[in-house]
Amino acid sequence: MKYRLNVFACLFVAGLMAGLPAQAQQLAGQVERQKGAASRSAGAGTVDLVQGAQVYVGDEIRTGPGARLQIRFDDQSMMTLGEGARITIDQLVYNPDGESSQALGIAKGVFRFASGQIGKLAPGNVSVTTPVATIGIRGTVFLGGELTVGMPPGQPHYGFQITEGAIAVIAPGGSVVLDEPGEGTFLPLGRVAAPTPPRQWTEEEAAEAEQAVAF
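Moving on, we come to the overall build of the protein. The helix and strand inventory of the protein stands at three helices and 18 strands. Classification of the 215 residues of the protein by burial places 41% in the buried group. For the protein, long-range pairs separated by at least 24 residues make up 51% of all intrachain contacts whose partners lie at least 6 apart in sequence. When the accessible surface of the protein is totalled, it reaches about 10,800 Å², and 55% of it is carbon and sulfur.

Here we take up the sheet that holds strand β15 (residues 167-171). Two pairing modes exist for strands in a sheet, parallel and antiparallel, and in both the strands are linked by backbone hydrogen bonds. Strand order in the open sheet made by the nine strands is β3-β2-β5-β8-β9-β11-β12-β15-β16, with mixed pairing throughout. At either margin of the open sheet sits one strand with a lone partner, and together these are β3 (45-48) and β16 (174-178). Shown here is a sheet whose adjacent strand axes are inclined to one another by a mean of 20°, direction ignored.

Turning to the pairing of strand β14 (residues 157-164), a few remarks are in order. Burial of β14 is extensive: six of the eight residues sit out of reach of the surface. Direction of pairing for strand β13 (residues 141-147) relative to β14: antiparallel, over a ladder of seven bridges. Paired with Gly144 across the bridge in β14 is Phe160. By the bridge criterion, five bridges tie β14 to strand β17 (residues 183-188) in an arrangement that is antiparallel. Bridge pairing links Gln161 to Gly184 in β17.

Turning our eyes to something else, we now look at the pairing of strand β1 (residues 27-35). When a strand is regular, its side chains alternate between the sheet's two faces. As paired elements, β1 and strand β4 (residues 54-56) share three bridges and run antiparallel to each other. Within β4, the residue paired with Gly29 across the bridge is Val55. In terms of strand pairing, β1 meets strand β6 (residues 68-73) through six bridges, oriented antiparallel. Along β6, the bridge assignment pairs Val31 with Ile71.

Moving on, we come to the side chain of Ser115. Summarising the element assignment, Ser115 is placed in the loop between β10 (111-114) and α2 (117-121). Setting aside anything within four residues of it in sequence, one finds Ser115 in contact with Ser77, Ile137, Gly139 and Thr140.

Within helix α3 (residues 203-213), burial applies to Glu205, Ala209 and Val213. The buried residues of α3 occupy an angular sector of 55° when the element is viewed end-on, so they sit on one face. Those residues of α3 that are exposed and aimed more than 90 degrees away from the buried face are Glu203, Glu204 and Gln211. Of the surrounding secondary structure, the elements contacted by the buried residues of α3 are β6, β7 (78-81), β10, β13, β17 and β18 (199-200).

Put simply, the protein has an average pLDDT of 90, and 89% of its residues get 70 or more. The model gives residues 1-23 a pLDDT under 50, and that stretch makes zero contacts with residues more than four places away or in other chains.

Conventions we followed
Residues numbered from 1 in each chain as written. Predicted model: local features only at pLDDT ≥ 70, side-chain atom pairs only at ≥ 80, totals over all residues. Heavy atoms only, no water. Helix = DSSP H or I, 4+ residues; strand = E, 2+ residues; numbered from the N terminus. Buried < 20%, exposed > 50% of the residue type's maximum accessible area, 1.4 Å probe, protein only. Contact = heavy atoms within 4.5 Å. Areas by Shrake-Rupley, 256 points an atom, 1.4 Å probe, with all protein chains shown as cover. Pairing = 2+ DSSP bridges. Axes fitted to C-alpha atoms, helices over the stretch in contact; angles between N-to-C directions. Arc of directions from axis to C-beta. pLDDT = per-residue confidence, 0-100.

Okay, structure coming up:
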């Protein structure tokens, strides 16, 4: 009898431990729109995403060829991803009556970010990092990613363009502030440099960026 009780206790504890990873996951938001294949991974597991699927803090989100993905976070901020994108949800703490913070890491691809309640209440607590710069949010809608136009042909580069509000583009070689709708800047990939002086993007530059995230 004592042996059976010990076995039962061990199984009970093991069951609780097996359930901990799922219970410990912190919900960050859900998929609002989707076209094509996308997935999320945390640890060793990978899950295909569909419209309405939930995403969690710590997830790495990927999109496939020709895909588009739009995520609405708990604070009503929105991230739209183009094809071949890879991002991580590093932090999402939304407390309307207390401390809130959001941190997103962009590893690859073109994206559009629209800040939400955290950006409204505590813009200094929202951070978006990219391969070339960290973006300081000031309550905004902006786009960024790897582009082909905007700098000399054949030179891999990254661009940022503001649609609404303002952002600070902070790179190892310098920083600029974008605060006029349609204004943008570029940085080369693979070497340290300051962002180019802010200017209104041409129709060609803006069109390439917009098409990369358009559904």
